[in-house]
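# Fold and contact review
Chain by chain, the residues:
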Amino acid sequence: MELALEYCDIRHERKEEEGRKVRSTTPSECAYIPLVKVALNADSDPDRGVAAAIQVLALRRNVIDKSAALRLLPKNVPLSEMTRPFLIPAVVENQSQVRRLSVASALLRSRYMQLKKKLTEAQLKSQASLHTVPALQKLNLGEHLHSSKPTKARLVHPASSPNFPEVLLVKHFFSRHLVIQAQVMNVNSSQAYQDDVRTLTGVAFVVAESSDEALLPTLQVPLKTLPPRATGSAWCVLAASPQRLDGTAFLASELRFTVLEVDAAGAPLTFVEANAPGYGRPFVEELQDLEIRHTEFSRGKTI
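Below or above, wherever it landed, is the structure these notes cover. Only a predicted model underlies this, so the values are computations on that prediction, with no experimental measurement involved.

## Some thoughts on the overall build of the protein chain
If you tally the helices and strands in the protein chain, you get six helices and 11 strands. In the protein chain, buried positions account for 37% of the 303 residues. Of the accessible surface of the protein chain, which amounts to about 18300 Å², a share of 53% is contributed by carbon and sulfur atoms.

Pasting the structure below:
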């Protein structure tokens, strides 16, 4: 028995090492199950075979596949024969492991939330200014002419949108582009929902339609995550041909976002992927049209 267990220990360690190298998600056969089978069948006396099998379970209860090993035992084995050597110690160890894993899970969740907070803060900072957004830096926007003053975004149907956050719109004019910045403040615009704790994900300002082909949407830079009571900027870039713009163009725009419920500490109540079905509640809020005049593409104009 001693040599057999030693051999199985070596096989178990090799399987564990191979599993770590290949990172396989499919569990391999327990290295001790063949020994249980041998113990049951090698002795001519069934009682001694059962005793040997229970001994294997007792000596390696911390690593053996307990359910698979128990299924190998004859159905007429009295429960009392397994209680003291195997069942009671296994239950105690499993309860201890549950407590350890619960503590480890809480610590990992706390660490995850700390890292998530730092990542979100870095993202919000990188998208806060026209000159710091990585996606905008890769574009050849042309000469920056001027920027408008912030104006509050207004809904087409305000009464039916209690989840709409506060949004300020800033228009940045370039020689060949129009960049619209949506500064989104994650506070509920409805007084009845001021105390709501929520996180917004996938916050995007979208120009759905332009009345003039001289202004055409080309790029959106959404906010991945906007925590409660935080402010971040989503961006929309339009290719502009000011010389072709006749009079005033009207832009039909929307604010799209998903409301994710969080706990009192601001931690999400679920850790599934943001694109998974049933993750949060999506909203598409139609905004009042934006007016863009051809004179706004003049250098140094203040609006």
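## So, helix α5 (residues 79-126)
Since one α-helical turn is 3.6 residues long, residues separated by three or four positions face the same way. The largest bend along α5 reaches roughly 45° and is located at P85. Every buried residue of α5 is accounted for by M82, F86, P89, A90, M113, T120, Q123 and L124. Considering only its buried residues, α5 is in contact with α3 (46-59), α4 (66-72), β7 (223-226) and β8 (231-240).

## Comments concerning the environment of V184
Within the fold, V184 resides in strand β4 (residues 177-188). Owing to a relative accessible area of 0%, V184 belongs among the buried residues under this scheme. On a C-alpha basis, the gap between V184 and T231 in space is 5.5 Å, while along the polypeptide they are 47 residues apart. Setting aside its immediate chain neighbours within four residues, V184 contacts P165, E166, V167, V203, L226, A230, T231, G232 and L255.

## What about helix α2 (residues 33-42)?
Every buried residue of α2 is listed here: I33, L35, V36, A39 and L40. For α2, the arc enclosing every buried residue in end-on projection is 160°, short of the 170-degree limit, so these residues lie on one face. Across α2 from its buried face, at more than 90 degrees, point the exposed residues N41 and A42.

## Digging into the side chain of R198
Looking at the secondary structure, you find R198 in strand β5 (residues 198-210). Within polar-contact distance, the side chain of R198 engages the side chain of N186 at 3.1 Å.

## A closer look at the packing of α2 against α3
Relative orientation of the contacting elements α2 and α3 amounts to 160°, with a least axis distance of 7 Å. Between α2 and α3, the interaxial angle falls into the category roughly antiparallel. Note on packing geometry: the crossing formed by α2 with α3 is right-handed. Contacts from L35, V36, A39 and L40 in α2 reach G49, V50, A52, A53, V56 and L57 in α3. Of the residues in the contact of α2 with α3, the class split is nine nonpolar, one polar and no charged.

## Brief notes about the packing of aromatic side chains
Here the structure, examined in full by the defined rule, presents two aromatic pairs. Judged by centre distance (5.1 Å) and plane angle (85°), the ring pair of F173 and F297 falls under edge-to-face. Within this pair, whereas F173 is found in strand β3 (residues 165-174), its partner F297 is found in the segment after β11 (290-293), the two being separated by 124 residues in sequence. Of the two residues examined, F173 and F297, each falls in the buried class. Relative to F283, the ring of F257 lies with its centre 5.5 Å away and its plane at 20°, an arrangement referred to as stacked. With a gap of 26 residues between them, F257 in strand β9 (residues 248-261) and F283 in strand β10 (residues 281-286) connect regions that are remote in the sequence. Taken as a pair, F257 and F283 share a single burial class, namely buried.

## Examining the packing of α3 against α5
Interaxial distance between α3 and α5 falls to 9 Å at its minimum, and their mutual angle equals 25°. On the basis of their axis angle, the class for α3 and α5 is roughly parallel. You can see that α3 and α5 cross each other, and the crossing is right-handed. Of the residues in α5, those touching α3 at V50, I54, L57 and A58 are E81, M82, P85 and F86. The residue makeup of the contact of α3 with α5, split by class, is seven nonpolar, no polar and one charged.

So, how was this worked out
Residues numbered from 1 in each chain as written. Predicted model: local features only at pLDDT ≥ 70, side-chain atom pairs only at ≥ 80, totals over all residues. Heavy atoms only, no water. Helix = DSSP H or I, 4+ residues; strand = E, 2+ residues; numbered from the N terminus. Buried < 20%, exposed > 50% of the residue type's maximum accessible area, 1.4 Å probe, protein only. Areas by Shrake-Rupley, 256 points an atom, 1.4 Å probe, with all protein chains shown as cover. Bend = angle between axes of the 7 residues up to and from the residue. Contact = heavy atoms within 4.5 Å. Arc of directions from axis to C-beta. Polar contact = N/O pair within 3.5 Å; in protein donor to acceptor, adjacent residues only side chain to side chain. Axes fitted to C-alpha atoms, helices over the stretch in contact; angles between N-to-C directions. Parallel < 35°, antiparallel > 145°, perpendicular 65-115°, else oblique. Left-handed = near helix turned anticlockwise from the far one by under 90°. Nonpolar A, V, L, I, M, F, W, Y, C, P; charged D, E, K, R; others polar. Phe/Tyr/Trp six-rings, centres within 6.5 Å; stacked < 30°, edge-to-face > 60°.

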